[in-house]
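What follows is each chain in one-letter form.
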Amino acid sequence: GGPYPEDCWDPAGLTKGKSDETLRYYRAAELKHGRVAMLACLGWFHTAAGWHPIGDAAVRGSISDDPLIAAQQLPGGGWLQLVFTFTALEWLTTFVC
(Lines give C-alpha, C1' and ligand atoms only; values in the text may rest on other atoms or scores of the structure.)
Protein backbone atom coordinates (compact mmCIF):
# COMPACT_ATOMS: atom_id res chain seq x y z
CA GLY A 1 0.00 0.00 0.00
CA GLY A 2 0.86 3.61 -0.21
CA PRO A 3 -0.53 7.00 0.76
CA TYR A 4 -3.10 6.91 -2.06
CA PRO A 5 -5.87 4.33 -2.61
CA GLU A 6 -4.54 3.40 -6.04
CA ASP A 7 -1.08 2.68 -4.61
CA CYS A 8 -1.00 -1.07 -4.15
CA TRP A 9 1.46 -3.86 -4.85
CA ASP A 10 0.37 -5.28 -8.20
CA PRO A 11 3.32 -6.73 -10.16
CA ALA A 12 1.03 -8.49 -12.67
CA GLY A 13 -1.02 -5.37 -13.41
CA LEU A 14 -4.35 -6.98 -12.51
CA THR A 15 -5.79 -3.78 -11.01
CA LYS A 16 -5.12 -1.52 -13.96
CA GLY A 17 -8.31 -0.21 -15.55
CA LYS A 18 -10.57 -1.81 -12.92
CA SER A 19 -13.31 0.13 -11.14
CA ASP A 20 -13.38 0.54 -7.38
CA GLU A 21 -16.37 -1.78 -7.18
CA THR A 22 -14.51 -4.52 -9.06
CA LEU A 23 -11.48 -4.14 -6.80
CA ARG A 24 -13.69 -4.40 -3.70
CA TYR A 25 -15.21 -7.59 -5.13
CA TYR A 26 -11.74 -9.04 -5.78
CA ARG A 27 -10.61 -8.20 -2.24
CA ALA A 28 -13.75 -9.74 -0.70
CA ALA A 29 -13.28 -12.89 -2.81
CA GLU A 30 -9.65 -13.12 -1.74
CA LEU A 31 -10.62 -12.89 1.93
CA LYS A 32 -13.37 -15.50 1.52
CA HIS A 33 -11.08 -17.94 -0.29
CA GLY A 34 -8.38 -17.48 2.34
CA ARG A 35 -10.86 -18.28 5.09
CA VAL A 36 -12.12 -21.36 3.25
CA ALA A 37 -8.52 -22.55 2.85
CA MET A 38 -7.91 -22.11 6.59
CA LEU A 39 -11.05 -24.13 7.41
CA ALA A 40 -9.96 -26.84 4.97
CA CYS A 41 -6.60 -27.10 6.74
CA LEU A 42 -8.37 -27.28 10.09
CA GLY A 43 -10.58 -30.12 8.83
CA TRP A 44 -7.55 -31.96 7.48
CA PHE A 45 -5.72 -31.65 10.83
CA HIS A 46 -8.77 -32.77 12.83
CA THR A 47 -9.20 -35.86 10.65
CA ALA A 48 -5.49 -36.69 10.84
CA ALA A 49 -5.63 -36.30 14.63
CA GLY A 50 -8.39 -38.93 14.80
CA TRP A 51 -11.29 -36.60 15.63
CA HIS A 52 -14.08 -37.19 13.11
CA PRO A 53 -17.42 -37.89 14.84
CA ILE A 54 -19.52 -36.65 11.89
CA GLY A 55 -17.63 -38.85 9.45
CA ASP A 56 -18.01 -41.84 11.77
CA ALA A 57 -21.75 -41.21 12.00
CA ALA A 58 -22.05 -40.88 8.21
CA VAL A 59 -20.53 -44.30 7.55
CA ARG A 60 -22.08 -45.85 10.67
CA GLY A 61 -18.68 -47.08 11.78
CA SER A 62 -15.15 -45.85 12.04
CA ILE A 63 -13.32 -44.13 9.22
CA SER A 64 -9.60 -43.89 8.70
CA ASP A 65 -7.42 -41.25 10.34
CA ASP A 66 -5.76 -40.66 6.96
CA PRO A 67 -7.71 -37.75 5.38
CA LEU A 68 -7.34 -39.10 1.83
CA ILE A 69 -8.68 -42.54 2.76
CA ALA A 70 -11.42 -40.94 4.88
CA ALA A 71 -12.54 -38.91 1.84
CA GLN A 72 -12.82 -42.13 -0.17
CA GLN A 73 -14.86 -43.78 2.59
CA LEU A 74 -17.46 -40.97 2.68
CA PRO A 75 -20.64 -42.03 0.84
CA GLY A 76 -21.74 -40.23 -2.34
CA GLY A 77 -24.67 -38.66 -0.49
CA GLY A 78 -22.24 -37.03 1.91
CA TRP A 79 -20.33 -35.49 -0.99
CA LEU A 80 -23.59 -34.22 -2.49
CA GLN A 81 -24.51 -32.60 0.84
CA LEU A 82 -21.13 -30.89 0.97
CA VAL A 83 -21.40 -29.60 -2.59
CA PHE A 84 -24.94 -28.33 -2.01
CA THR A 85 -23.99 -26.61 1.26
CA PHE A 86 -20.95 -24.89 -0.25
CA THR A 87 -22.95 -23.82 -3.31
CA ALA A 88 -25.73 -22.40 -1.14
CA LEU A 89 -23.25 -20.51 1.04
CA GLU A 90 -21.48 -19.09 -2.01
CA TRP A 91 -24.81 -18.00 -3.48
CA LEU A 92 -25.93 -16.42 -0.19
CA THR A 93 -22.73 -14.47 0.34
CA THR A 94 -22.54 -13.33 -3.30
CA PHE A 95 -26.12 -12.39 -4.13
CA VAL A 96 -28.15 -12.12 -0.92
CA CYS A 97 -25.91 -10.71 1.81
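Here the structure is shown first, and the text comes after it.
Draft legend 1. Representation of the pattern of salt bridges. This model, assessed by the stated rule, comprises one salt bridge. Two residues, lysine 32 and glutamate 90, come together in a salt bridge whose shortest N-O distance is 3.2 Å. On the criterion of sequence distance, the pair formed by lysine 32 in helix α1 (residues 20-48) and glutamate 90 in helix α4 (residues 76-96) is long-range, its members being 58 residues apart.

Draft legend 2. Examining the side chain of threonine 47 more closely. Note that threonine 47 resides in helix α1. For threonine 47, a relative accessible area of 16% gives the class buried. Residues within four places of threonine 47 in sequence aside, it is in contact with His52, Ser64, Asp65, Pro67 and Ala70.

What counts as what
- Residues numbered from 1 in each chain as written.
- Predicted model: local features only at pLDDT ≥ 70, side-chain atom pairs only at ≥ 80, totals over all residues.
- Heavy atoms only, no water.
- Salt bridge = Lys/Arg side-chain N within 4 Å of Asp/Glu carboxyl O.
- Helix = DSSP H or I, 4+ residues; strand = E, 2+ residues; numbered from the N terminus.
- Buried < 20%, exposed > 50% of the residue type's maximum accessible area, 1.4 Å probe, protein only.
- Contact = heavy atoms within 4.5 Å.

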